[in-house]
Amino acid sequence: MTAEAPVRPQVVAHRGASYENAEHTLGAYVAALDAGAEGLECDVRLTADGHLVCVHDRDLRRTAGRRDAISTLDLADLERLDVASWKNPWADLDDEAPIRDESLDRVLTLRKLLETAADYHRRVELAIETKHPTRYGGLVEKRLVETLRDFGWHREGTPVRVMSFSLTALSRVDQMAPEVPLVMLLDKSAMWPVLRRMIGKDWLVGPGIDLLREEPELARRIHRRGHDIHVWTVNTEEDLRLCLDLGVTAVISDRPALMLHLLDGAPGDEDRAR
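First things first, this report covers the structure right here in the doc. Remember, it's a predicted structure, so these values are computed and weren't measured experimentally.

## A word on the side chain of Thr 47
Relative to the assigned elements, Thr 47 resides in the loop between strand 2 (39-46) and strand 3 (52-54). With residues near it in sequence (within four places) discarded, Thr 47 still touches Val 53, Ile 70, Ser 71, Leu 73, Asp 74, Leu 75, Leu 78 and Tyr 136.

Below, the structure written as structure tokens:
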């Protein structure tokens, strides 16, 4: 009897191709699509005027030098900010660099990201994480499901899955849009004995790669409960090998081009595979 070939996981770009580009910008997502990423991951937060934007942190201190919480700012305030220069602060000194489209470097709305995926020439899946705690509570999931309905992506066959560390948040989505796949994120193995009894039978589970390095047996326990596994954030060949050994079905990576190269021998800079 021959050994079964390892599962070939889906490659999902974490906040876009964020290793080389400013995270959550349209530029990062376009780069990920150009590299061949099969899915795009984003975090969403709600602005003061009710728009979902792709931002990880509670505020923009790290990416734009603003201490205000996202929830206290209107979309118009956010759209005026440059959230990309921090990634390459010396770019203005490069006289030979091409003139960059500023729209690639601004705060990105979820709607714009969904439109970009919908208009792409091939199917692109989206993994959307709702961030908690937030002052708006369940309004975040309500707005998210409303947006998915606008695209017809609340039905079976949707390219979208919703992720969260909050069981309550995922349960809200399950009630409003029961055909949308859900991913229970996990960063502590001690939570699994509790969560395994509470999550849906068809839910996916998303442990972090640090957790699986320390405790690979956790993946086997999750599989035994019948759940597929999506792992974040997988950026090295060693970590990808571990994911292959554990039979995960999706790897979420800052470096989608590297993951594709390692999995498929995709053309690209050979240095990226080192």
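Right, picking up where we left off after that structure.
## Here's the deal with the environment of Leu 139
Considering the arrangement of structural elements, one finds Leu 139 in helix 5 (residues 139-150). Distance from Leu 139 to Ser 253, taken between C-alpha atoms, is 28 Å for residues 114 residues apart in sequence.

## Here we look at the packing of helix 4 (residues 110-119) against helix 5
Viewed as axis vectors pointing N to C, helix 4 and helix 5 meet at an angle of 30 degrees, and their least axial separation amounts to 11 Å. Between helix 4 and helix 5, the angle falls in the class roughly parallel. Classified by chirality, the crossing of helix 5 by helix 4 is right-handed. Note on element contacts: helix 5 touches helix 4 through Leu 144, Thr 147, Leu 148 and Asp 150, opposite Leu 110, Arg 111 and Leu 114. Here the contact of helix 4 with helix 5 is composed, by residue class, of 4 nonpolar, 1 polar and 2 charged.

## Description of the nonpolar core
Ranked by size, the top nonpolar core spans 60 residues in total, and within it Leu 40, Leu 126 and Ile 128 carry the most contacts. Beyond its immediate chain neighbours, meaning those up to four positions away, Leu 40 contacts Val 12, Ala 13, Tyr 29, Ala 32, Leu 33, Leu 113, Val 124, Glu 125, Leu 126 and Ala 127. Within the second largest apolar cluster, 10 residues are counted, among which are Ile 70, Leu 78, Leu 81 and Val 107.

## Brief notes about helix 10 (residues 237-246)
Every buried residue of helix 10 is listed here: Asp 239, Leu 240, Cys 243 and Leu 246. In a view along the axis of helix 10, the buried residues occupy a sector of 125 degrees, so they form one face of it. Residues of helix 10 that are exposed and point over 90 degrees away from its buried face: Glu 238 and Asp 245. Of the surrounding secondary structure, the elements contacted by the buried residues of helix 10 are helix 8 (209-214), helix 9 (217-224), strand 10 (230-232), strand 11 (250-253) and helix 11 (256-264).

## Examining the pattern of salt bridges
Under the definition given, this model contains 24 salt bridges. Taking the shortest distance from any N to any O, the salt bridge between Asp 264 and Arg 8 comes out at 2.4 Å. With Asp 264 in helix 11 and Arg 8 in the segment before strand 1 (10-14), this pair connects stretches of sequence that are 256 residues apart. Given the relative accessible area of 45%, Asp 264 is considered partly exposed. A salt bridge links Arg 143 to Glu 146, with the shortest nitrogen-to-oxygen separation between them at 3.4 Å. Of the two residues, Arg 143 and Glu 146 are both situated in helix 5; the distance of 3 residues between them amounts to about one turn of the helix. A relative accessible area of 30% means that Glu 146 is categorised as partly exposed. Three or more residues joined by partner-sharing salt bridges are found here, namely Arg 15, Glu 23, Asp 43, Asp 57, Arg 62, Glu 129 and Lys 131.

## Points about helix 5
Between the first and last C-alpha of helix 5 there are 17 Å, a value that for 12 residues agrees with the 16 Å anticipated at 1.5 Å per step. On its buried face, helix 5 is in contact with strand 2, strand 3, helix 4, strand 6 (125-130), strand 7 (160-164) and helix 6 (167-176). Two residues or fewer past helix 5, Gly 152 is found with a positive phi of approximately 70 degrees.

## What about the packing of aromatic side chains?
Taken as a whole and assessed by the stated rule, the structure comprises 2 aromatic pairs. Taken together, a centroid distance of 5.8 Å and an interplanar angle of 85 degrees make the contact between Phe 165 and Trp 232 edge-to-face. Remark: Trp 232 occurs in strand 10 and Phe 165 occurs in the loop between strand 7 and helix 6; sequence separation between them is 67 residues. Among the residues examined, Phe 165 registers a relative accessible area of 37% and is labelled partly exposed. Sitting over the face of the ring of Tyr 19, Arg 255 holds its NZ or CZ atom 4.1 Å from the ring centroid.

Calculation rules
Residues numbered from 1 in each chain as written. Predicted model: local features only at pLDDT ≥ 70, side-chain atom pairs only at ≥ 80, totals over all residues. Heavy atoms only, no water. Helix = DSSP H or I, 4+ residues; strand = E, 2+ residues; numbered from the N terminus. Contact = heavy atoms within 4.5 Å. Axes fitted to C-alpha atoms, helices over the stretch in contact; angles between N-to-C directions. Parallel < 35°, antiparallel > 145°, perpendicular 65-115°, else oblique. Left-handed = near helix turned anticlockwise from the far one by under 90°. Nonpolar A, V, L, I, M, F, W, Y, C, P; charged D, E, K, R; others polar. Core = buried A, V, L, I, M, F, W, Y, C linked by side-chain atoms within 4.5 Å. Buried < 20%, exposed > 50% of the residue type's maximum accessible area, 1.4 Å probe, protein only. Arc of directions from axis to C-beta. Salt bridge = Lys/Arg side-chain N within 4 Å of Asp/Glu carboxyl O. Expected span 1.5 Å × (residues − 1). Phe/Tyr/Trp six-rings, centres within 6.5 Å; stacked < 30°, edge-to-face > 60°. Lys NZ or Arg CZ within 6 Å of the ring centre and 35° of its normal.

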